[in-house]
Amino acid sequence: MKNTQLAWLFVLPALSGLLCFVLFPFVLSLILSFTNLRLGSPLPLEFVGFKQYQRIFTDAAFLAALRNNSLFALIVVPLQTGLALLMALLVNQPLRGMVIFRSVFFMPVVFPLSLVAVVWILVLAPGPQGLLNQLLETVTLGAWQARDFLHDSAWALAAISLTSIWQGVGFQMVILLAALQGIPQALYEAARVDGANQWQQFVFITLPQLRNAIIFVVLVTTILAFRLFDQVQIMTQGGPNHATTTIMYEAVNSAFGSQQVARAAAMTVVFFIVVLLLTLLQRAVGRQQGVN
Amino acid sequence: MSGKQRIAASAVYLLLVALAFAFLVPVAMMLSGSFKPDDQVLVQAGRLSRLFAAEFSWFNYRDVFARVPFARYLFNSAFISLCVVAGGLLVNSLAAYAFARLHWPGRDRLLLLVVALMIIPLEAIAVPLFYEVTLLGWRDTYWVQIIPFVANAFSIYLFYTFFLGLPRELEEAARIDGAGPWRIFFRIVAPNAKPVFATVAILSFLTQWSALLWPLMVTHSETVRPLPLGMATFYSLPPLQWGDIFAFGVMMVTPVLLIFVLFQRWFVQGVATTGVKG
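Computed from a prediction, not measured in an experiment: that's the story for all the values here.

## Quick look at the overall build of chain A
- Scanning chain A from N- to C-terminus turns up 12 helices and 0 strands.
- Ordered by position from N to C terminus, the α and β elements of chain A give α-α-α-α-α-α-α-α-α-α-α-α.
- Taken over the C-alpha atoms alone, chain A extends approximately 75 × 75 × 35 Å along its principal axes.
- Across the 292 residues that make up chain A, the buried fraction comes to 45%.
- For chain A, the share of sequence-separated contacts (at least 6 apart) that also reach a separation of at least 24 residues comes to 69%.

Written as structure tokens, this is what we have:
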């Protein structure tokens, strides 16, 4: 059985890494979430059943976090997917200079979010220093009242959404562009022969052909929306008044601010359940298409 | 081009230029601000005309080095990212090769496990992982930022699907010539799988280079902290001087931008493959 030994030798480094640093902590988080573990606490470690879950689901900050993550997904997913699709369609036109535009749109993807977040604090600043306020003032011919977006609970989450879209839309564009370029030209030629106009070609060929890519992009963006952390940590620290706090922000704060590891574990379990449900939903929607 | 086509093309360009503007202006603001004296950076910073102001000074760059150990952050980020990328390329491709080409009992079940692990994001395990590395006494080291991220289920999956698509004939020929599996892997398979190596390298590099959450959790000394965390602390370090922050930002992003410009085709292809497989 030399072959088997060899195969294990090939697999072992990666497998042991995955077991120690993915599977084990994953199982650990399920277990910890049912305990009272608190680093440095004098209380003995014990199982407390669903107590941590009961607590977080009656905690105003965590409920705000759940709502914010959902709201953030509802703003970012359609806007970012729509914009990415528009950009992919534009860049896919057989015109000169498209490679340059593609690079410009993709460029922010290589910018670390921590840097983008800091730069956008100034873009979103109130008064004559803020690009966005100045732009809105110019466009509305002075009717726009300058706002302090990041310190206004009605605007802070929208401001973070805008920042996130700016950084991430190029990623989605590239995926959709690849899918666009994979559509057989023969389909369009056949449609033209049948007298279909540009709009009809888009609705009856492009969109159905992009279906799987769009489902994928929507899923990835939704999961990213629930992972939201960096921008909040740097731009608002969850404020004002919990308006921008997120599941991960609350989890990290519980684990560090108050050393409540068990409570933080319960929050990340909730986060994982959301991700799992979204993934299963994508599989289900993706499969439906196979039947059609 | 007909008149109608010309109008359509103009509309496309108009939209493209407007969009490009939105992507370039914040970057231009950072670049131009990094060269302005401290008392000038915020003057009318929201006005586009100020992007091309005449002042020029290197002081902000000098200040960054005086105020924080920028070179150290840069080294840490580069070292950690390169270790994760290099280690990851090796162990994940080897594992994927065993899944794709070797026959051994338990293979299919383990492969299923790897695919299942793909959907667990770092965030879902960050807290227990933090507890784990605390027990191991690994906090505030380089290792804690490298070892847990070398093995990666998604990388294995990308390698696996690519290896499945490679023609077997080359490997068969090498085997007949008496080459063993190690030799076949390093001499035949790896050189023929450059695109997937590039994809995995780029995706994992981008993730590591930008990582903020994990370093924030497990490090507290400047000696091991990477750039994104350096940026976050620099921003909160009084006095708030935007010129310095922009200079930090420019220096932080320049290496990645250079790599991006040089290997652009691979970046775009790499990201595109993640979607095709989805």
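What follows continues from the structure just given.
## Concerning the interface of chain A and chain B
- With 73 residues of chain A at the interface, the matching set in chain B holds 74 residues.
- With 19 residues, the top contributor of residues to the side of chain A that touches chain B is helix α1 (residues 2–32) of chain A.
- Its residues assigned to classes, the side of chain A that touches chain B comprises 57 nonpolar, 14 polar and 2 charged.

## Quick notes on helix α7 (residues 156–181) of chain A
Residues and elements named next belong to chain A.
- Given a rise of 1.5 Å per residue, 26 residues ought to cover 38 Å, and the 37 Å separating the end C-alpha atoms of α7 matches this to within 8%.
- Along its length, α7 reaches its greatest deviation from straightness, about 45°, at G168.
- Among the 26 residues in α7, 20 count as buried, and that is most of the element.

## Remarks on the domain arrangement of chain B
Residues and elements named next belong to chain B.
- Under the domain assignment used here, chain B contains domain 1 (3–57) and domain 2 (69–277).
- In this complex, domain 1 contributes 8 residues to the contact, which on the side of domain 2 involves 7 residues.
- For the side of domain 1 that touches domain 2, the elements supplying multiple residues, two or more each, are α1 (3–34) and α2 (38–41).
- A per-element tally of the side of domain 1 that touches domain 2 places α1 first, with 4 residues.
- Here the residues of the side of domain 1 that touches domain 2 are counted per class, giving 4 nonpolar, 2 polar and 2 charged.

## Comments concerning the environment of T206(A)
Residues and elements named next belong to chain A.
- Summarising the element assignment, T206 is placed in helix α9 (residues 198–227).
- The spacing of T206 and L187 is 19 residues in sequence and 9.4 Å in space, taken between C-alpha atoms.
- Among residues more than four places away in sequence, those in contact with T206 are I183 and Q201.

## Here's the deal with the packing of helix α5 (residues 113–123) of chain A against helix α14 (residues 242–262) of chain B
- Two elements in contact, α5(A) and α14(B), have axes separated by 11 Å at closest approach and are oriented at 145°. Pair α5(A) / α14(B) crosses with left-handed handedness. Of the residues in α14(B), those in contact with L115(A), V118(A), V119(A) and L122(A) of α5(A) are W242(B), I245(B), G249(B), M252(B) and V253(B).

Each value, and the rule that gives it
- For every chain, the first residue of its written sequence is number 1, and the numbers climb from 1 along that sequence.
- Labels are handed out in written order, letters beginning with A for the chains and numbers beginning with 1 for the ligands.
- Per-residue local features of the predicted model are confined to residues with pLDDT of at least 70, and side-chain atom pairs are confined, for both listing and counting, to 80 or more; whole-chain, interface and lining totals are unaffected and use all residues.
- By the criteria applied, helices consist of DSSP H or I runs no shorter than four residues and strands consist of E runs no shorter than two, each listed in order from the N terminus.
- Exposure classification rests on a simple neighbour count of other C-beta atoms within 10 Å of a residue's own: a residue reaching 20 or more is buried, one at 12 or fewer is exposed, and one in between is partly exposed. C-beta atoms are placed from the backbone.
- The contact criterion used here is simple: two residues whose C-beta atoms, placed from the backbone, lie within 7 Å are in contact.
- Under the convention adopted here, Pro, Cys and the residues Ala, Val, Leu, Ile, Met, Phe, Trp and Tyr are nonpolar, Asp, Glu, Lys and Arg are charged, and Gly plus all remaining residues are polar.
- Working rule for helices: expected span equals 1.5 Å times residues minus one.
- Throughout, bend refers to the angle between the axes fitted to the seven residues that end at a position and the seven residues that start at it.
- The domain boundaries here were taken from an automatic or database domain assignment.
- Here an angle of 0 to 180 degrees is reported between the N-to-C directions of two axes, which are lines fitted to C-alpha atoms, with helices fitted over the stretch in contact.
- By the definition used in this description, the sense in which the near helix is turned from the far one sets the handedness, with an anticlockwise turn below a right angle giving left-handed and a clockwise turn giving right-handed.

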